[in-house]
Amino acid sequence: MVQKQVSDMITGVWRIKWWKYRYFLIAGLLLNVLLINRFFFDQSLSDLNPFQSSPTDIELEKNPSAPSKDQSLPPHPPPPSQPVTAEPLYTPQPAAPLVSIPSTSAKPFNLNDYDFNGDYVGWPLERACNETKWTPGLVYVCDNNSGGIGNIRNFILSCVRYGIETGATGIIMPRIQRRHEEDLANLFNAGFKPFEYFFDGEHFRKAMGDHCPQMKIYEALEDVPNADKMLKIDEFYPKDLSDGDCCDGRGANRHLDMYRSKFENWLNTTRRTPSEAEPVSVRYRWAMFFEWPIYRDGPEFAATFGDILRLNSEVESLAIKVLDELSKFAGIDPDPNHKELKVPFLGVHLRTESDALGFWPDFTVQTDGYMKEAEVRGLKHAYLACGNATDGHRFGEMAYEKLKLNTTSKLDLLKGDDLKRLTDLTWDQQALRFVDVRVRDLRSLLDTLGGNKTFAKQIPGIHGVLDIKNVGVFGHSLGGAASASLMLSDSRVTCGANLDGLLVGPVVTSGLPKGKEFLIVGAVGHNSSNDESWSSFLSSTKGRKVELSVKGATHQSFNDFGYLYELGRKFGVIPDLGGDPFGSIEGERMLRLLGVWLGAWFDKCLRNEKEDGMFVGGSKVWPEVEVVSG
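Residues numbered from 1 in each chain as written. Predicted model: local features only at pLDDT ≥ 70, side-chain atom pairs only at ≥ 80, totals over all residues. Heavy atoms only, no water.

### Re the side chain of Asp324
Next up, step 1: Inspection of the secondary structure assignment puts Asp324 in helix α9 (residues 313-329).
Next up, step 2: Buried within the structure, Asp324 lacks any salt-bridge partner; Lys321 is the closest side chain of opposite charge, at an N-O distance of 5.8 Å.
Next up, step 3: In this view, Asp324 contacts Pro334, Asp335 and His338; residues no more than four positions away in its chain are not counted. (Helix = DSSP H or I, 4+ residues; strand = E, 2+ residues; numbered from the N terminus. Buried < 20%, exposed > 50% of the residue type's maximum accessible area, 1.4 Å probe, protein only. Lys, Arg positive; Asp, Glu negative; His and termini not counted. Salt bridge = Lys/Arg side-chain N within 4 Å of Asp/Glu carboxyl O. Contact = heavy atoms within 4.5 Å.)

So, in structure tokens, the structure goes:
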């Protein structure tokens, strides 16, 4: 009976479809093996690995009693009543350090050791660009910035870094969105300034061109190849792609490892995939700054990337002058080499302008804080920066009354011509804007003449597009400045002339490269000895340069006004203005003079025709023309 029951039980078990439960059976079997091994044999899972390597020196040093694969398990420790002295199974040897650690007596870093005007340290940027997969046709626009220079600077840096991250092969030369001069809280309706309004454009172009050439700089969107087929994306914000997974919208973008894939997916799913034939521009919205986590790129990149933006030379020269005068203000002789500032002073940024009242502490809180620092540090001189003149004077009076703290500012320190340079800075920067517009117009004209047959046919004698590989350009006054700036930025323009115009922009300090020739013609009394923009440009230009001066000419003699004035007086349609408003040289002769000399100049540098030495020793036919340098 019992035998039959056992037989029926075995038959029942056999009929069960056990393979359906094979994973549970295998898991249970492994669990039992591990438990038995752990509690009965005091081994872990790694000890069962027959292919494990020997313990490393570092592991043995941390645990000298750890057995090698050829050693048996050590015996259990004896009871306390039976002390046993055992030899160690392994005697660790001191390991040589992999990296030598600098001594604690190393010289600390000092800002005085850093050359802020030296060569740009660009290898970290170059490494980042070389590691990037680039997207043809993707162009970034970084001009939706505003506020103070700190905000604008970080906006541009963030925009460029996002561009590298997403592989943008083009970037539009950033413009500066200026605030309204009378209403500081108005950040958006005062128009744009060129990049040079704050920064050194030549340095930016060189730093990016040398170390990140994959991202080409264009002066305007119209300069991008196939711009007529471009899709423009405005008001884009990177963290809009974070799907709400960033806990604080004001903080750094914490999800950059996923950003590019999300960005590309967003472009593709919205039918915005860029290509060379159909480019896509991305313009970031305002307030996109201080969001890129700089630690992500490593300390070398974080320490050097910001140096692609340097102050323009005009602002920098004024800053150096201010620091020299600040030294004198404190009774210390300034460093003649401008390498070190030895003045102990309190830097005061009193932020009480109308645009900051809702975001910053009030006047009393800020003033109390600065006064406390001055008292604790025993300072007797302060440099004040404040856009609110009333509060600035108020702070100075309180500082002297309470601490005998002498306060000064840039307007107090600069005198004479330097002060005029400071107060005229806005006008000069406006001139930069005008030149920038004219340069773009000229480049657009060249592009059209070289690529649009219908437009080119409007010129008599032209039946196709023009050959614009070797072009000359000249202009009067601001047009002369535009001519020089165009030659710097456009390789097609190899020959140029400036008729009595003040030069502005990066070309003043950079000059023109070898292979480009430039002529400057000045009115009487206007030459490189009294015009710093001319002297700097001529000394920096590597190609051929010639300076002429025309006796009897004024600034207005270089257009046709003088000739028209003479004709008007002759026929009685224009009254006599008195004196010589257009110079003592006759208007007709001036026009002929310009035709001869400009014609000879461009024939030589564009057609390589032989000249008769007039640009070296002058001409007997034109004794009014003096060769100043050539």
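### Focus on the pattern of salt bridges
Next up, step 1: The tally for this structure, following the rule as stated, stands at 21 salt bridges.
Next up, step 2: Where Glu264 meets Arg260, a salt bridge forms, and the shortest distance between an N and an O atom there is 2.7 Å. Of this pair, Glu264 and Arg260 both sit in helix α7 (residues 256-269), four residues apart, which is roughly one turn of that helix.
Next up, step 3: With relative accessibility at 14%, the residue Arg260 sits in the buried group.
Next up, step 4: Close ionic contact of Arg589 with Glu624 constitutes a salt bridge, the shortest N to O distance being 2.2 Å.

### Here's the deal with the pairing of strand β9 (residues 381-385)
Next up, step 1: The element β9 is largely enclosed, with a buried count of four among its five residues.
Next up, step 2: In this structure, strand β8 (residues 346-349) lies alongside β9, joined through four bridges in parallel fashion. Residue pairing across strands places His349 opposite Ala385, the latter belonging to β9.
Next up, step 3: Here β9 runs beside strand β10 (residues 406-408); their pairing, made up of three bridges, is parallel. Considered in β10, the bridge of His381 is made with Asn406.
Next up, step 4: After leaving β9, the chain enters helix α11 (residues 389-403) and then returns to the sheet as β10, a path that is right-handed. (Pairing = 2+ DSSP bridges. Right-handed = clockwise from strand over helix to strand, strands pointing away.)

### Focus on the state of the cysteines
Next up, step 1: Counted according to the given criterion, the structure contains three disulfides.
Next up, step 2: With a sulfur-sulfur separation of 2.1 Å, Cys129 is cross-linked through a disulfide to Cys212. With the S-S dihedral at roughly -100°, the linkage between Cys129 and Cys212 falls on the left-handed side. Of the two residues, Cys129 is situated in helix α4 (residues 123-130) and Cys212 in the loop between α6 (201-211) and β5 (216-218); the sequence distance between them amounts to 83 residues. Cys212 matches Cys129 in its accessibility class, with the two residues each being buried.
Next up, step 3: For Cys495, the disulfide goes to Cys605, at an S-S distance of 1.8 Å. Negative torsions about the S-S bond denote left-handed disulfides, and the value of about -55° found for Cys495 with Cys605 makes this one left-handed. With a gap of 110 residues between them, Cys495 in strand β12 (residues 493-499) and Cys605 in helix α20 (residues 587-607) connect regions that are remote in the sequence. By the burial criterion, Cys495 is buried, and Cys605 matches it.
Next up, step 4: Looking at the chain, its bonded cysteines, counted consecutively from the start of the sequence, adopt the pairing 1-4, 2-3, 5-6. (Disulfide = S-S within 2.5 Å.)

### Considerations on the packing of aromatic side chains
Next up, step 1: According to the stated counting rule, one finds 19 aromatic pairs in the structure shown.
Next up, step 2: Plain terms: the ring middles of Phe518 and Phe537 are 5.1 Å apart, the flat faces sit at 70° to each other, and that makes the pair edge-to-face. Taken together, the residues span a long stretch of sequence, with Phe518 in strand β13 (residues 517-522) and Phe537 in helix α18 (residues 532-540) at a distance of 19 residues.
Next up, step 3: Assessed through its relative accessible area of 0%, Phe518 is described here as buried.
Next up, step 4: Sitting above the plane of the Phe301 ring, Arg161 keeps its charged end 5.3 Å from the centroid.
Next up, step 5: The ring of Tyr237 carries Arg285 above its face, with NZ or CZ at 3.7 Å from the centroid. (Phe/Tyr/Trp six-rings, centres within 6.5 Å; stacked < 30°, edge-to-face > 60°. Lys NZ or Arg CZ within 6 Å of the ring centre and 35° of its normal.)

### Focus: α11
Next up, step 1: Between the first and last C-alpha of α11 there are 21 Å, a value that for 15 residues agrees with the 21 Å anticipated at 1.5 Å per step.
Next up, step 2: Asp391, Gly392, Phe395, Gly396, Ala399 and Leu403 are the residues of α11 that are buried. Mapping the buried residues of α11 onto a view down its axis gives an arc of 140°, with all of them on the same face. Across from the buried face of α11, at angles greater than 90 degrees, the exposed residues are Ala389, Thr390, His393, Glu397 and Glu401.
Next up, step 3: On the buried face of α11, the contacting elements are β8, α10 (363-377), β9 and β10. (Expected span 1.5 Å × (residues − 1). Arc of directions from axis to C-beta.)

### Considerations on the sheet that holds β8
Next up, step 1: An order of β8-β9-β10 is seen for the three strands of this open sheet, with the pairing classed as parallel. Strands with a single pairing partner mark the edges of an open sheet, and in this sheet they are β8 and β10. On average, each strand axis in the sheet is tilted by 25° relative to the strand beside it, whichever way the strands run.
Next up, step 2: Packed on one face of the sheet, α11 meets β8, β9 and β10 and runs near 160° to β10. (Axes fitted to C-alpha atoms, helices over the stretch in contact; angles between N-to-C directions.)

### Side note on the confidence of the model for the chain
Next up, step 1: Here the chain averages 76 in pLDDT, and 72% of its residues register 70 or above.
Next up, step 2: Confidence over residues 37-112 falls short of pLDDT 50; this stretch has 32 contacts with residues more than four positions distant or in other chains.
Next up, step 3: Scored below 50 in pLDDT, residues 427-431 makes 10 contacts in the model with residues more than four places away or belonging to other chains. (pLDDT = per-residue confidence, 0-100.)

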